[in-house]
Structures are given as structure tokens and as C-alpha cells.
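# Breakdown of the fold
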Amino acid sequence: MKKIFNYINGKLVEPISGKYLDNFDPSTGKAYSHCPDSDERDVELATQAALQAFGAWSVLAPEKRSRIMLRIAELIEKNIDELAEAESIDQGKPKWLAKNGEIPRAISNIRFFGTAIEHFASEAHPMPGHAINYTLRTPIGVVGCISPWNLPLYLFTWKIAPALASGNCVVAKPSEITPMTAYLLAQICIQAGLPHGVLNIVHGLGEKVGSAITLHSQIKAISFTGGTKTGAEIARLAAPMFKKLSLELGGKNPNIIFADCNFDKMLEETLRSSFLNQGEICLCGSRIFIERSIYNKFKNAFIEKVKARVIGDPLFDTTLVGAIASKMHFEKVMSYIELAKQEGGTVLCGGNQVNPEGRCSAGWFIAPTVIEGLSFDCRTNQEEIFGPVVTIAPFDTEEEVLMFANSTEFGLAATIWTENLTLAHRMAAEIKSGIVWINCWLLRDLRTPFGGVKNSGVGREGGWEAMRFFTEPKNVCIKL
Ligand code: NAD
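Residues numbered from 1 in each chain as written. Predicted model: local features only at pLDDT ≥ 70, side-chain atom pairs only at ≥ 80, totals over all residues. Heavy atoms only, no water.

## Describing the overall build of the protein chain
Secondary structure assignment for the protein chain yields 15 helices and 25 strands. Taking 2.2 N^0.38 as the reference for a compact globule, 480 residues should give roughly 23 Å; the C-alpha atoms of the protein chain span a radius of gyration of 23 Å, in line with that estimate. Counting only C-alpha atoms, the protein chain reaches 65 × 65 × 40 Å along its principal axes. Counting across all 480 residues of the protein chain, residues that qualify as buried make up 57%. Residue pairs at least 24 apart in sequence account for 75% of intrachain contacts in the protein chain once pairs closer than 6 positions are excluded. Counting every atom, the protein chain has about 18,900 Å² of accessible surface; 56% of that belongs to carbon and sulfur. One way to put it: in the protein chain the 49 positive side-chain charges average out to a point 5 Å from where the 51 negative ones average out. (Helix = DSSP H or I, 4+ residues; strand = E, 2+ residues; numbered from the N terminus. Rg over C-alpha atoms; globule rule 2.2 N^0.38 Å. Buried < 20%, exposed > 50% of the residue type's maximum accessible area, 1.4 Å probe, protein only. Contact = heavy atoms within 4.5 Å. Areas by Shrake-Rupley, 256 points an atom, 1.4 Å probe, with all protein chains shown as cover. Lys, Arg positive; Asp, Glu negative; His and termini not counted. Charge placed at Lys NZ, Arg CZ, Asp CG, Glu CD.)

## A few points about the packing of aromatic side chains
Counted by the stated rule, this structure contains 13 aromatic pairs. An angle of 50° between the planes, with centres 6.1 Å apart, marks the rings of F24 and W364 as tilted. Remark: W364 occurs in the loop between β16 (353-354) and β17 (365-366) and F24 occurs in strand β4 (residues 20-25); sequence separation between them is 340 residues. By relative accessible area, F24 is classed as partly exposed at 34%. The rings of F112, F113, W158 and F450 are connected pair by pair, giving a single aromatic cluster. The aromatic ring of W158 is capped on one face by R105, whose charged end is 4.7 Å from the ring centroid. Here the guanidinium or amino end of K297 rests over the ring plane of F263, the centre of that ring lying 4.1 Å away. (Phe/Tyr/Trp six-rings, centres within 6.5 Å; stacked < 30°, edge-to-face > 60°. Lys NZ or Arg CZ within 6 Å of the ring centre and 35° of its normal.)

## Quick word on the environment of I8
In this fold, I8 is placed in strand β2 (residues 6-8). Taking the relative accessible area as the measure of exposure, I8 reaches 7% and is therefore buried. Sequence-wise, I8 and T115 are 107 residues apart; in three dimensions their C-alpha atoms are separated by 26 Å. For I8, the contacting residues outside a window of four places in its chain are V13, D42, L45, A46, A49, N200 and V202.

## A short note on the state of the cysteines
Per the counting criterion, the structure on display carries zero disulfides. With no disulfide partner, C169 has as its closest neighbouring cysteine sulfur the one in C145, 11 Å distant. (Disulfide = S-S within 2.5 Å.)

## Brief notes about helix α4 (residues 95-116)
The end-to-end C-alpha separation of α4 is 30 Å, in line with the 32 Å expected for 22 residues at 1.5 Å each. The largest bend in α4 comes to about 25°, at E102, with the proline P104 one to four residues further on. Residues of α4 that are buried in the fold lie against α2 (62-78), α3 (80-91), α5 (152-165) and α15 (463-469). (Expected span 1.5 Å × (residues − 1). Bend = angle between axes of the 7 residues up to and from the residue.)

## Some points on the packing of α2 against α4
Closest axis-to-axis distance for the α2/α4 pair is 8 Å, and the angle between their directions is 170°. The angle between α2 and α4 places the two elements in the roughly antiparallel class. Between α2 and α4, the residues in contact are S66, M69, L70, I72, A73, E74, I76 and E77 and I103, I107, I110, R111, G114 and T115, respectively. Tallied by class, residues from the contact of α2 with α4 come to eight nonpolar, three polar and three charged. (Axes fitted to C-alpha atoms, helices over the stretch in contact; angles between N-to-C directions. Parallel < 35°, antiparallel > 145°, perpendicular 65-115°, else oblique. Nonpolar A, V, L, I, M, F, W, Y, C, P; charged D, E, K, R; others polar.)

## A closer look at the site of the ligand
Around the ligand sit 29 residues in total, of which S147, E176, T230, L249 and E384 are the nearest. Within the backbone of G226, one N or O atom sits 3.3 Å away from an oxygen atom of the ligand. The separation between an oxygen atom of the ligand and a polar side-chain atom of E384 is 2.5 Å. In isolation the ligand exposes 850 Å². Once the protein is present, 88% of that is buried. Of all elements in the fold, only α7 (206-215), β11 (219-225) and α8 (228-238) reach the threshold of two or more residues within the shell around the ligand. Grouping the constituent residues of the shell around the ligand by class yields 12 nonpolar, 12 polar and five charged. (Near = heavy atom within 4 Å. Polar contact = N/O pair within 3.5 Å; in protein donor to acceptor, adjacent residues only side chain to side chain.)

## Focus: the pattern of salt bridges
In this structure the tally under the stated criterion is 22 salt bridges. A salt bridge links E102 to K93; the nearest nitrogen and oxygen atoms lie 2.8 Å apart. For E102, a relative accessible area of 5% corresponds to the buried category. According to the relative accessible area criterion, K93 is buried, its value standing at 0%. With a shortest N-O distance of 3.5 Å, R137 and E123 are connected by a salt bridge. One end of the pair, R137, is in strand β7 (residues 131-139); the other, E123, is in the loop between α4 and β6 (124-127), with 14 residues separating them in the sequence. Note on R137: relative accessible area 21%, which makes it partly exposed. Salt bridges linked by common partners bring D25, D313 and R359 together as one network. (Salt bridge = Lys/Arg side-chain N within 4 Å of Asp/Glu carboxyl O.)

## Side note on the side chain of T214
Relative to the helices and strands, T214 is located in helix α7. Within polar-contact distance, the side chain of T214 engages the backbone oxygen of G210 at 2.8 Å.

Written as C-alpha cells, this is what we have:
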């Protein structure tokens, strides 16, 4: 079985414990590789390597850091087929999606921040006749980046790229459920000539490796993406140490459809926003609210298209819905479908496990599921499911749907469908979320602030927000 190694001080190394975790292919339900079961000793080695590398990396001219990062991006591009297949096998997503969406996005992340550093400038605040202030922005030191399993390389690079570009050294932990592409990235970093210790990747469990990173006194900032509960635990541990924190957490995003929308465009995008990546994207719209006058039209058209979605082997080009990333998550999603029934919901389609013929017959597949008849405040409509499950419900007025939309503890993203520009602006201003899409979904410009409000997170990623997070501002005031 293929073995994954940690990447510490420029080398691929075994975990100190010598122990490994089984890493599963969710499309077959079988273990196919071994992931290091690291602990705080590996985090300590990684942190020491990062501290040692920091001196030289932090003062390296931005254009030189940029050049190394662009080399990494180029090598990812050269190996896109291998990485896309690895991501698909590790996570369960269709390979075509990894190849056309996620691995290219990982490349963009590294290119975006690798070039941003050449344009990152600071501010000056003159006090005419008295003084001039200028702000120095220096890298923080050693920072921790902890990422989830749903978009493995995409979200891993979204964190480490701005951290490295702005001159920090990194101790990073990918999810233990999807460690493979981070391991392949480590090999690429070696090939690209990234100086030893600048990036260190420690694989293993959250409770061991993640908390050791959070608690390490020399790791001065944590950029975390994952569940709200884990985010709360990280905040609890890190707050007394006054670490800088960026927390990108869960969501329960509303998708609001007004009767005057462009119906066909809306329908296609709503299929995507409901079920892309098996619904395992924090930005997926899981609560669909439809203006009552088009409710039945929407319901019939939507169900017909959902039923036609091809579920099966993620390696096939025709597959639209792949496997659920882990057995534990599969069971969680299935339990929410049961809960929805107990709460009085009607399953209009899906709701069942699927066992495709052939090599994937024991994989963890769930048919895309649409449920109606639930109140806005039941658990199914309040808690994050994070799978191929959406609820649909009619609404009568703008005020009512705003109340539905804003009723959860989350506030990550919202989608609004209407041709009425005034209504769209009004809704966008009133929705409590960090991101609003109008007549589109998942259209991303890497310069825009990314993140949520309420229990969906603290802080913003993307563009200058990320570069500012990974630097420490210092004001210098000179009396004239
Ligand atoms: P998770 O919180 O279980 O794990 C995320 C990462 O944290 C993993 O690497 C895990 O090993 C680590 N971890 C677990 N316990 C830890 C601890 N005590 N201390 C430190 N690290 C720990 O989340 P997940 O199940 O991997 O991912 C799904 C969640 O991520 C969903 O809630 C989803 O909405 C969220 N998510 C949010 C965004 C966003 O941008 N807001 C993006 C993607 C996913």
C-alpha cells in the first residue's frame, strides 16, 4: 500500500511514532494508502525547522519568493492529471471536476499570491505640518494552516500561498481524510527548490496534530478552515495565547428564488449549487426558498433534473455525483435524511444509498436528495448537513424569506435569483452573510474578501485581506 510521509525541513520523513492511519478510497470503501499518525513531537520538529528557515525566507526579496512559488504552480500544472486522479481517489469527487476546477484553482491560488507579493504595498498617513506615519508590514513568523477534506488541495493552497508569499514559514496540516495531494505537493516543493523548513506538512489527526499546532507557543497565527465546533475549540485554546486567528467555518446557505428570475439559468445553477462535489462545498445552497407562484413549476423541473444526475465511479467522465468522502460522513448525512423524515419532511427524490455496479459497489454513495414540507426552524433546516441533500420550501413575501434566510446560526453565503435589480440590492444588504451571489453561484474573484459572519467564521481570506492577516502592521510616526 502506498505510504504518505510528512514533509519536514525539506525532507519526506516518517512520523516519530512510526504509526500510520488507514487512508480510504471512498468510492470503493477500501483502505488504499497509509497516512502518518503524527503527534506533537512531529509538530515540534516542523516548528523548529520553520523557525530556522524564517530568518532567510522573511528577508528574501519578494520577487525571489515569487519565482519559487511560480515554479511550484508550474509543476502542479505539469502534473495536473496525476493530481486530479489522486484527489478523486482520495476524496470521492469526479475526476473531471478535480481536473477542470480544483487543481487549476490550486494553481491559481499559488500564482495569485505569488505575484501579489510583488505588488503588496503599505500605507502612509501624513499629518500636515506635524508628522508622517507609515505602516510597516512584516511577516508574523511561523504560522499554522489547518484545512478540511472537501476541497483538499484547493483549500490547502488557499492558505499556504498567502502565508508563504508574505514571508512566513508554515506548519500545515491537511485533513487526515484526504492527505494525498498535500503529500504530492510536498514532492513538488522539493522539486521546485523551496528552501528547507519554509513549508512543513505534518499529517495526522486533528486532536493530535491540529491541537499541537494550535497550542505551540512559537506558532503565532492560525488559519483554519473546517467545522464550527472545531473552530470554537481552536479559538478556546488559542485565545489566551493571543494568537492571530482566521476561522472559516460551516454554513447553511439560503438560495432565494424570486418568480421573475431567468428560470432556465436559475435551474441549471441551482443544480450545481445543490450537488456539486456531492454538496460537500461550504458554499452550496442547502435551503432553497422559492416564491410561491413558481413553486410547483420549480419543484417539477428540479426533481426531473436531479433524478437524471449520473451517480457512480468518480473516475468516469460521465459521473456527476461521486462518493461521500468518508464512512463517518456518509453515516452523518444518512442520519440527517432520517431526521428530516422524523421531522415531517417528504423525500421527493434520493434519500438512499447507491451501490454502483463494478469496482464501486461497496463505496459510500448517496443519491442526490430533495426534501419538502419542513419548517424553516427544524433541525434539518438549521444544522449543517454538508452532503447531497437540499430542502425546498415556498415563500410569500420578501420579509418572510429574509426571516427564513437569516434564521440560522450561520452566515457564510447566500444566492438570490431575480431580474429586479432594486430587490436584489435590497436583499443583498439585508442578508446576514459574508458573501452574496446574485443570479450566479461560486463565481469567484480571488481579490474579493472571502468568509462568513455569525458562526460561519471570523476574519476574511482572499486578496489583500489574506496578505494583511499574514503580516503584522507596525506604525512608525516621524515628527517633521
Ligand atoms: P473539521 O473541523 O472536522 O476538520 C478540519 C481540520 O481540522 C482537519 O484537518 C482536522 O484534522 C482538523 N482538526 C480536527 N479537530 C481539531 C482540533 N481539535 N484542533 C485542531 N485541528 C483539528 O472539518 P471537516 O469535517 O474536515 O470539514 C468540513 C467542515 O468544513 C464543514 O463544516 C464545512 O462547512 C467547513 N468548510 C468551511 C469552509 C469555509 O471556507 N468557510 C470551506 C470548506 C469547508
